[in-house]
Amino acid sequence: QLPDLPPLEAPGLPTRAAADSFEEQWARLSASSTPTALNVSEVAVALWRCHGGRFAWAGGLKLCCDLCQIASPLLLKRTIALLESGAGLRRGAGAVAGLLGLTALQAFALRHYFASVFKTGLAMRAALVGATYRKLLLLSPAARLRASSGEITNLMGSDAQRIADLTPYLHALW
């Protein structure tokens, strides 16, 4: 190995952990169900068991952001009403500080929401691509004749990328 090249095997590689976790959940689901063709809902359940906690946390952040977005115009309306009624400087400054704090909380929640869901999407993609590569390595020569490993990898890679791209927008459904 050349000294100027970084090692290919990094300890604690997150992609390996994501693939290992997905395969473990997939094996549990496969053991508890009857053997059938690939079921998309089983893949979704395995992904949820692996990455659902982070995705749910992101949903809480999105809820906080949406609540701030709703509350911001209401607080602005209240601030305008206070100023029109001739309220003192202290009350007006308090309302403006509240509006500033609400906007800062909204920005903080939205930034962390997107960071969390993009990280979750990438972890899901890594799990699916890693599991696909491992399965390809275990295929028999007869099975490899039906479809090339490059064809399978391209198809699965594009599907995994779609899942990663979809993840940030799933919370918009509720």
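To be clear, the structure that these remarks concern was listed above.
Rules used throughout
- Residue numbers here run from 1 along each chain, matching the order of that chain's written sequence.
- With pLDDT at 70 or above as the cut-off, local features in this predicted model cover only qualifying residues; side-chain atom pairs require 80 or more to be listed or tallied, and sums for whole chains, interfaces and linings still use all residues.
- Excluding hydrogens and water, the side-chain figures rest on all heavy atoms present in the structure.
- In this analysis an axis means a line fitted to C-alpha atoms, helices contributing only their contacting stretch, and an angle means the value between N-to-C directions, from 0 to 180 degrees.
- Segments assigned H or I by DSSP are reported as helices when at least four residues long, segments assigned E as strands when at least two residues long, and all are numbered from the N terminus.
- We call two directions roughly parallel when the angle between them is under 35 degrees, roughly antiparallel when it is over 145, roughly perpendicular when it lies between 65 and 115, and oblique otherwise.
- The contact definition used throughout considers only heavy atoms, calling two residues in contact when any of these lie within 4.5 Å.
- Ten residue types, Ala, Val, Leu, Ile, Met, Phe, Trp, Tyr, Cys and Pro, are classed as nonpolar, four, Asp, Glu, Lys and Arg, as charged, and the remainder, Gly among them, as polar.
- By convention in these notes, a salt bridge is any Lys or Arg side-chain nitrogen within 4 Å of a carboxyl oxygen on Asp or Glu.
- Partly exposed residues are those whose accessible area sits between 20% and 50% of the maximum for their type, while under 20% is buried and over 50% is exposed, using a 1.4 Å probe and protein chains only.
- Centre distance within 6.5 Å is the pairing criterion for rings of Phe, Tyr and Trp, where only the six-membered ring of Trp is used; planes under 30 degrees apart are then read as stacked, over 60 as edge-to-face, and the remainder as tilted.

Visitor: Help me understand the packing of helix 1 (residues 14-32) against helix 3 (residues 89-138) in this model?
Guide: Helix-helix packing is described using two parameters, namely the angle between the two axes and the distance between the axes. Two numbers describe how helix 1 lies on helix 3: the axes approach to 8 Å, and their chain directions differ by 70°. It follows that helix 1 is roughly perpendicular to helix 3 by the angle criterion. Of helix 3, the residues touching helix 1 (which contributes T15, R16, A18, A19, D20, F22 and E23) are A123, A126, A127, L128, G130, A131 and R134. By residue class, the composition of the contact of helix 1 with helix 3 is eight nonpolar, two polar and four charged.

Visitor: What am I meant to see in the pattern of salt bridges here?
Guide: Taken as a whole and judged by the stated rule, the model has five salt bridges. When the shortest N-O distance is used, the salt bridge between R162 and D159 registers 3.1 Å. Taken together, the positions of R162 and D159, both in helix 5 (residues 149-166) and three residues apart, correspond to about one turn of that helix. For R162, a relative accessible area of 57% gives the class exposed. Given a relative accessible area of 36%, D159 falls into the partly exposed group. Through salt bridges that share partners, D20, E23 and R134 make up one connected network.

Visitor: Would you take a moment to explain the packing of aromatic side chains for this structure?
Guide: In this structure the tally under the stated criterion is four aromatic pairs. Measuring from centroid to centroid gives 6.2 Å for F22 and W26, while their planes differ by 25°, and the two rings are stacked. Taken together, the residues span about one helical turn, with F22 and W26 both in helix 1 at a distance of four residues. When the centroid spacing of 6.3 Å and the interplanar angle of 85° are considered together, the rings of W48 and F55 count as edge-to-face. On the accessibility criterion, F55 (12% relative accessible area) is buried. Clustering of aromatic rings is evident, with ring pairs tying together Y113, F114 and F118.

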